[in-house]
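Structure at a glance
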Amino acid sequence: MDQLFCLLGTAFADADRLLPITFPTDELRGFATGRDDDIRLFVLNRGDTARELTLPKSMNGNLLRMTIDARPNRNLPLSTSLAETSMVDERITLPAYSISLIGKRETLEFTPPLSADDNLFSRRPDLQFWYPPYASEQPRFDPRGVYTVDLSKCKDKSVAVLKMNLASSELSTTQEYTVAFEVKSSTAGGLIVKLPKTDNAQGEYSILGRNVNGLRYTFKFDPASNEGEVSFVFAGDLIAQGPTIEFRNFRISPNNPR
């Protein structure tokens, strides 16, 4: 694991300018690379316990983390992803046996931007808010194209769900798609995104921050999964804080269209 950590470090453009980082435990090792205005952290947790890390104030901004699962003796199919990407706030959790690369989204986001011409949402997506039961007062897009969910209206609920209907986009079951959007929250927390694809019953957890985070997910459309919709699930711990969640700039496009 240590050798993999060192090998990945040499792949960075600024690998000739590494600054070692000291941690209070020997289970964590790491270094920083980059200029003062574009710091990136590379951290190894080689222990069997998750660790908390507070990022330097100089890194404040729209941060992205790529986490590599380096657990030993993983007997998984080759199709299983060993790396995950997520937005992070000032304080993050480093999973056991993991390697994390943390930096500004603009620096680490290597996937090409989605073109407006490729957007299958001809206008704005059809969104319906449940908390449950069905919410009688539905949020609306404002003139700026921002869709705001006020979770303070359902503080007595253990779960709330925002559903995105994809029927008007006429998705094909033989095609892979990317859905992207921007989101921010008035308080720190997270949401679960459930996609209309096979084996996504548990969904994918993403961090919410006070800055606008750009999130994107890929899926091969399965109309029988998750009712053929994209669902954003808010759990009780976030609802209890009563935050407002803002969504904007929804995009859905085919990957390598046939």
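Before reading further, recall that the structure is shown in the block above.
How each quantity is defined
Residues numbered from 1 in each chain as written. Predicted model: local features only at pLDDT ≥ 70, side-chain atom pairs only at ≥ 80, totals over all residues. Heavy atoms only, no water. Helix = DSSP H or I, 4+ residues; strand = E, 2+ residues; numbered from the N terminus. Polar contact = N/O pair within 3.5 Å; in protein donor to acceptor, adjacent residues only side chain to side chain. Pairing = 2+ DSSP bridges. Axes fitted to C-alpha atoms, helices over the stretch in contact; angles between N-to-C directions. Salt bridge = Lys/Arg side-chain N within 4 Å of Asp/Glu carboxyl O. Buried < 20%, exposed > 50% of the residue type's maximum accessible area, 1.4 Å probe, protein only. Phe/Tyr/Trp six-rings, centres within 6.5 Å; stacked < 30°, edge-to-face > 60°. Lys NZ or Arg CZ within 6 Å of the ring centre and 35° of its normal. Core = buried A, V, L, I, M, F, W, Y, C linked by side-chain atoms within 4.5 Å. Contact = heavy atoms within 4.5 Å.

1. A few points about the side chain of Gln175
- The residue Gln175 is located in the loop between strand S11 (159-165) and strand S12 (176-185) in this model.
- At 2.5 Å, the side chain of Gln175 forms a polar contact with the backbone oxygen of Asn255.

2. Some thoughts on the sheet that holds strand S14 (residues 204-208)
- Taken in spatial order, the five strands make up an open sheet running S9-S11-S16-S13-S14, and their pairing is antiparallel. Strands at the two margins of the open sheet, each flanked by one partner only, are strand S9 (126-130) and S14. Recorded for the sheet is a direction-independent mean angle of 25° between the axes of neighbouring strands.
- For S9 and S11, the ladder comprises five bridges, and the chain directions are antiparallel. What sits directly across from Trp130, in S11, is Val161.

3. Focus on the sheet that holds S12
- On the basis of which strands lie adjacent, the open sheet formed by four strands has the order S10-S17-S12-S15 and antiparallel pairing. Bordering the open sheet on either side are strand S10 (147-150) and strand S15 (213-220), each of which pairs with just one other strand. The sheet shows a mean angle of 30° between the axes of neighbouring strands, taken without regard to direction.

4. Focus: the pattern of salt bridges
- Throughout the structure, instances matching the rule amount to seven salt bridges.
- Between Arg46 and Asp26 there is a salt bridge whose closest N-O contact spans 2.6 Å. A residue pair is termed long-range when its members are at least 10 positions apart, and Arg46 in the loop between strand S3 (40-45) and strand S4 (51-54) and Asp26 in the loop between strand S1 (18-21) and strand S2 (28-33) qualify at 20 residues.
- Residue class for Arg46 comes out partly exposed when judged on its relative accessible area of 22%.

5. Some thoughts on the packing of aromatic side chains
- This model, assessed by the stated rule, comprises eleven aromatic pairs.
- Taken together through their ring pairs, the aromatic side chains of Phe141, Tyr147, Phe181, Tyr217, Phe232, Phe247 and Phe250 make up a single cluster.
- Note that Lys163 overlies the ring of Trp130, its terminal NZ or CZ placed 4.9 Å from the centroid.

6. Looking at the nonpolar core
- Core analysis: the biggest nonpolar cluster contains 35 residues, and Phe129, Leu151, Phe232, Phe234 and Phe247 have the highest contact counts within it.
- When residues no more than four places from it in sequence are discounted, the contact partners of Phe247 are Gly145, Val146, Tyr147, Val149, Leu162, Phe181, Glu182, Val183, Leu191, Phe232 and Phe234.
- Ranked by size, the runner-up nonpolar core spans 13 residues in total, among them Val43, Leu55, Met59 and Val88.

7. Quick word on the environment of Ile252
- If you trace the backbone, Ile252 turns up in strand S17 (residues 244-254).
- The exposure class assigned to Ile252 is buried, which follows from its relative accessible area of 0%.
- For the pair Ile252 and Val179, spaced 73 residues apart in sequence, the C-alpha separation works out to 4.3 Å.
- Setting aside its immediate chain neighbours within four residues, Ile252 contacts Asp118, Asn119, Leu120, Phe121, Leu166, Ser169, Leu171, Tyr177, Thr178, Val179 and Phe219.

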